[in-house]
Amino acid sequence: NGVPLTFKRLNIEKNDFPDKCPVARGTPTFVIYNGPEVPGKKWEEFKPQDLAARIMKEYPFLSERFADEVEELQGLLTRRFQLFTQMVMWTVEIEKLQKLIAGAGATAPPKQAQKSPEDEEESSFNAMVSEMMLKDMRRADLLLDN
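All of these numbers come straight from a predicted model, not from anything done at the bench.

Peer 1: So what about the overall build of the chain? Which residues, and what values?
Peer 2: Each helix and strand counted, the chain has three helices and two strands in total. The linear arrangement of helices and strands in the chain, starting from the amino end, is β-β-α-α-α. Looking at the chain as a whole, 18% of its 146 residues are labelled buried. Look at the contacts in the chain between residues 6 or more apart in sequence, and 47% of them connect residues 24 or more apart. Per element, the accessible surface of the chain, about 11700 Å² overall, is 57% carbon and sulfur.

Okay, structure coming up:
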């Protein structure tokens, strides 16, 4: 669409950061470069749905059509987060069912070794999010492809 704007996904594990890139190991970090001679400027953290507004503020000369396209992509990203969370929740539920089926007739562990159901569920959820995020970070496809 003729917009002089490029997004690059960096791989933290490979340390493929460009020279003078502010290093950040959090979830998504945006750095603006205004040419090869100007050091990158890290944007403060913001919500994904604010991306289009941030870009339009930084580059007010961009067309409304571009802003609309970015907003559409933001909607897809939000939907992807929703689907990702649903997948985590359903996977945790499937694991609970598998444990119930596999444990039918088995004796329960001693009382002191048991976690509360809430702690068990939170632990399972967090473990599944971590596992699925590790898999997701290895993806190389684009938002429209997945």
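Peer 1: An account of the confidence of the model for the chain is needed here, citing residue identities and associated values.
Peer 2: Looking at the chain as a whole, its pLDDT mean stands at 77, while 73% of the residues score no less than 70. Averaged pLDDT values for the elements of the chain fall to 77 in strand 1 (residues 31-32) and rise to 88 in helix 2 (residues 64-102).

Peer 1: An account of the packing of helix 2 against helix 3 (residues 117-137) is needed here, citing residue identities and associated values.
Peer 2: Working note: a packed helix pair is described by the angle between its axes plus the distance between those axes. Contact geometry for helix 2 and helix 3: axes closest at 9 Å, N-to-C directions at 125°. If you check the angle between helix 2 and helix 3, you find them oblique. Once helix 2 is placed against helix 3, the crossing between them reads as right-handed. Contacts from Arg80, Phe84, Met87, Val88, Met89, Thr91, Val92, Glu93, Glu95, Lys96 and Lys99 of helix 2 reach helix 3 at Glu120, Glu121, Ser124, Phe125, Met128, Val129, Met132, Met133 and Asp136.

Peer 1: Break down the packing of aromatic side chains for me, with residues and values.
Peer 2: Tallied over the full model, the rule gives one aromatic pair. With a centroid separation of 6.0 Å and an interplanar angle of 80°, the aromatic rings of tyrosine 59 and phenylalanine 61 are classed as edge-to-face. Using a relative accessible area of 14% as the deciding quantity, one classes tyrosine 59 as buried.

Peer 1: So what about helix 2? Which residues, and what values?
Peer 2: Compared with an ideal rise of 1.5 Å per residue, which puts 39 residues at 57 Å, helix 2 spans 57 Å between its outermost C-alpha atoms and is within 8% of the ideal. All of the buried residues in helix 2 are Phe66, Ala67, Val70, Gln74, Arg80, Phe84, Val88 and Val92.

Peer 1: Describe the packing of helix 1 (residues 51-58) against helix 2, naming the residues involved and giving the relevant values.
Peer 2: At a minimum axis separation of 9 Å, helix 1 and helix 2 run at an interaxial angle of 155°. Considering their axes alone, helix 1 and helix 2 lie roughly antiparallel with respect to each other. Every pair of crossing elements has a handedness; the one defined by helix 1 and helix 2 is right-handed. Only Phe66, Ala67, Val70, Glu71 and Gln74 of helix 2 make contact with helix 1, whose side of the interface consists of Leu51, Ala52, Ile55 and Met56. Its residues assigned to classes, the contact of helix 1 with helix 2 shows seven nonpolar, one polar and one charged.

Peer 1: Describe in detail the pattern of salt bridges, supporting the description with residues and values.
Peer 2: Where side chains of opposite charge bring their charged atoms close, a pairing between them can arise. This structure, assessed with the given rule, holds six salt bridges. Linking glutamate 93 and lysine 96 is a salt bridge whose minimum nitrogen-to-oxygen distance equals 3.1 Å. Residue glutamate 93 and its partner lysine 96 are both found in helix 2; the two are separated by three residues, about one turn of the helix. On the basis of relative accessibility, which here comes to 33%, the residue lysine 96 falls in the partly exposed class.

Peer 1: Give me the lowdown on helix 3, citing residues and values where you can.
Peer 2: The end-to-end C-alpha distance of helix 3, which contains 21 residues, comes to 30 Å, matching closely the 30 Å that a straight helix rising 1.5 Å per residue would cover. In this structure, the buried residues of helix 3 make contact with helix 2.

Each value, and the rule that gives it
Residues numbered from 1 in each chain as written. Predicted model: local features only at pLDDT ≥ 70, side-chain atom pairs only at ≥ 80, totals over all residues. Heavy atoms only, no water. Helix = DSSP H or I, 4+ residues; strand = E, 2+ residues; numbered from the N terminus. Buried < 20%, exposed > 50% of the residue type's maximum accessible area, 1.4 Å probe, protein only. Contact = heavy atoms within 4.5 Å. Areas by Shrake-Rupley, 256 points an atom, 1.4 Å probe, with all protein chains shown as cover. pLDDT = per-residue confidence, 0-100. Axes fitted to C-alpha atoms, helices over the stretch in contact; angles between N-to-C directions. Parallel < 35°, antiparallel > 145°, perpendicular 65-115°, else oblique. Left-handed = near helix turned anticlockwise from the far one by under 90°. Phe/Tyr/Trp six-rings, centres within 6.5 Å; stacked < 30°, edge-to-face > 60°. Expected span 1.5 Å × (residues − 1). Nonpolar A, V, L, I, M, F, W, Y, C, P; charged D, E, K, R; others polar. Salt bridge = Lys/Arg side-chain N within 4 Å of Asp/Glu carboxyl O.

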